[in-house]
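Listed here are the chains, written in short residue letters.
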Amino acid sequence: MSDRSEVLFLGGRSGVGKSSVAVELHVQLSDAGVRHCVIEGDNLDLAHPPPWEHHLAERNLAAMWANYRALGYRRMIYTNTVSVRYVAELTAAMGDDPRVTAVLLTSSDTTARERLARREIGTALQRHVERSDAAARSLEMLAPPSVHRIPTDGRTVSELAASVLALTGWHR
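Residues numbered from 1 in each chain as written. Predicted model: local features only at pLDDT ≥ 70, side-chain atom pairs only at ≥ 80, totals over all residues. Heavy atoms only, no water.

## Looking at the packing of aromatic side chains
Two numbers describe a pair of aromatic rings. These are the distance of the centres and the angle of the planes.
Part 1 of the reasoning: For the structure shown, the criterion picks out two aromatic pairs.
Part 2 of the reasoning: When the centroid spacing of 5.7 Å and the interplanar angle of 80° are considered together, the rings of Phe 9 and Tyr 78 count as edge-to-face. With Phe 9 in strand β1 (residues 6-11) and Tyr 78 in strand β3 (residues 75-79), this residue pair connects regions lying 69 residues apart in the sequence. Grouping residues by exposure puts Phe 9 and Tyr 78 together as buried.
Part 3 of the reasoning: For the pair Tyr 68 and Tyr 73, a centre-to-centre distance of 5.3 Å together with 80° between the ring planes defines the contact as edge-to-face.
Part 4 of the reasoning: A residue is classified by how much of its surface remains accessible, and Tyr 68, at 24% relative accessible area, is partly exposed.
Part 5 of the reasoning: A cation over an aromatic ring shows up here: Arg 35 above the ring of Tyr 73, its NZ or CZ 4.3 Å from the ring centre. (Phe/Tyr/Trp six-rings, centres within 6.5 Å; stacked < 30°, edge-to-face > 60°. Helix = DSSP H or I, 4+ residues; strand = E, 2+ residues; numbered from the N terminus. Buried < 20%, exposed > 50% of the residue type's maximum accessible area, 1.4 Å probe, protein only. Lys NZ or Arg CZ within 6 Å of the ring centre and 35° of its normal.)

See the structure below:
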């Protein structure tokens, strides 16, 4: 087995199932004894005002990945709405030329809205719906053709995780 690291970028609109699929991947990989970590990219720069111009997400990713690598981890699942659009920047932050699998989870507007309505119980639901709709359009237009697209409508989380896992080859 190579010492080269591997990363799975999971992107997609709000309500598409990124976090749920990442957790299911974690369960399946753990059950198979596959060493890995999961990083929720949305939490790496969640602040107000947004610190995007300071590349805080990339800086925090670099620090976290260095710590995981020091402990012998070489596989990472990274979830973030737009991660599939910023593969070069995120892999540069990792600093070790990882093998990349990028997956854009997709869903219909109706499915995303139903999921968001179950999750968002406060005043932000409408804002989340609007941003989710805009993100879906933007991601479909701007995600490179090399990004695998997996529709989530009508599929279970375990089915989706199995489909994503097959793309990585990590189950071995």
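## A short note on the packing of helix α4 (residues 109-119) against helix α5 (residues 125-142)
Part 1 of the reasoning: Where α4 meets α5, the axes come as close as 10 Å, and the angle between the chain directions of the two elements is 150°. In this structure, α4 meets α5 at a crossing whose hand is right-handed. Where α4 abuts α5, its residues Asp 109, Ala 112, Arg 113, Leu 116 and Ala 117 lie against Leu 125, His 128, Val 129, Ser 132, Asp 133 and Arg 137.
Part 2 of the reasoning: Residue composition of the contact of α4 with α5, grouped by class: five nonpolar, two polar and four charged. (Axes fitted to C-alpha atoms, helices over the stretch in contact; angles between N-to-C directions. Left-handed = near helix turned anticlockwise from the far one by under 90°. Contact = heavy atoms within 4.5 Å. Nonpolar A, V, L, I, M, F, W, Y, C, P; charged D, E, K, R; others polar.)

## Some remarks on the nonpolar core
Part 1 of the reasoning: Among the nonpolar cores identified, the biggest contains 20 residues, and Phe 9, Ile 39, Leu 61, Met 76, Tyr 78 and Val 84 are the most heavily contacted of them.
Part 2 of the reasoning: Every element with two or more residues in this core is listed here: β1, β2 (37-40), α2 (56-70), β3, α3 (87-94) and β4 (99-106).
Part 3 of the reasoning: Ranked by residue count, the leading element in this core is α3, at four residues. (Core = buried A, V, L, I, M, F, W, Y, C linked by side-chain atoms within 4.5 Å.)

## Observations regarding the packing of helix α1 (residues 18-31) against helix α6 (residues 157-168)
Part 1 of the reasoning: Axis separation between α1 and α6 bottoms out at 9 Å; the angle between their running directions is 70°. Our classification of the angle between α1 and α6 gives roughly perpendicular. Mapping the contact onto sequence places Ser 20, Val 21, Glu 24, Leu 25, Gln 28 and Leu 29 in α1 and Val 157, Ser 158, Leu 160, Ala 161, Ala 162, Val 164 and Leu 165 in α6.
Part 2 of the reasoning: Residue composition of the contact of α1 with α6, grouped by class: nine nonpolar, three polar and one charged. (Parallel < 35°, antiparallel > 145°, perpendicular 65-115°, else oblique.)

## Some points on the environment of Asn 67
Part 1 of the reasoning: Residue position: Asn 67 is located in helix α2.
Part 2 of the reasoning: Put simply, Asn 67 and Thr 79 are 12 residues apart on the chain and 18 Å apart in space, counted from C-alpha to C-alpha.

## Overview of unusual backbone geometry
Part 1 of the reasoning: A cis amide bond, omega -5°, links His 48 with the succeeding residue Pro 49.
Part 2 of the reasoning: You can see Pro 49 is positioned in the loop between β2 and α2.
Part 3 of the reasoning: For Asp 97, which is not glycine, the phi dihedral falls at a positive 50°.
Part 4 of the reasoning: Turning to its location among the elements, Asp 97 is positioned in the loop between α3 and β4.
Part 5 of the reasoning: Since its relative accessible area comes to 57%, Asp 97 is described here as exposed.

## Focus on the sheet that holds β4
Adjacent strands of a sheet form backbone hydrogen bonds with each other and so pair up, either parallel or antiparallel.
Part 1 of the reasoning: Spatially, β2-β3-β1-β4-β5 is the arrangement adopted by the five strands of the open sheet, whose pairing is parallel. The open sheet has two edge strands with one neighbour each: β2 and β5 (148-151). For this sheet, the mean inter-axis angle between neighbouring strands, taken without regard to orientation, is 20°.
Part 2 of the reasoning: Inspection of the sheet shows β1 paired to β4 by six bridges, in the parallel sense. Looking at β4, one finds that Glu 6 is bridged to Arg 99. (Pairing = 2+ DSSP bridges.)

## Re the environment of Arg 119
Part 1 of the reasoning: Within the secondary structure layout, Arg 119 lies in helix α4.
Part 2 of the reasoning: Counting along the chain gives 74 residues from Arg 119 to Asp 45, while the straight-line C-alpha distance between them is 21 Å.
Part 3 of the reasoning: Reaching out from Arg 119, the side chain makes a polar contact with the side chain of Glu 120 at a distance of 3.0 Å. (Polar contact = N/O pair within 3.5 Å; in protein donor to acceptor, adjacent residues only side chain to side chain.)

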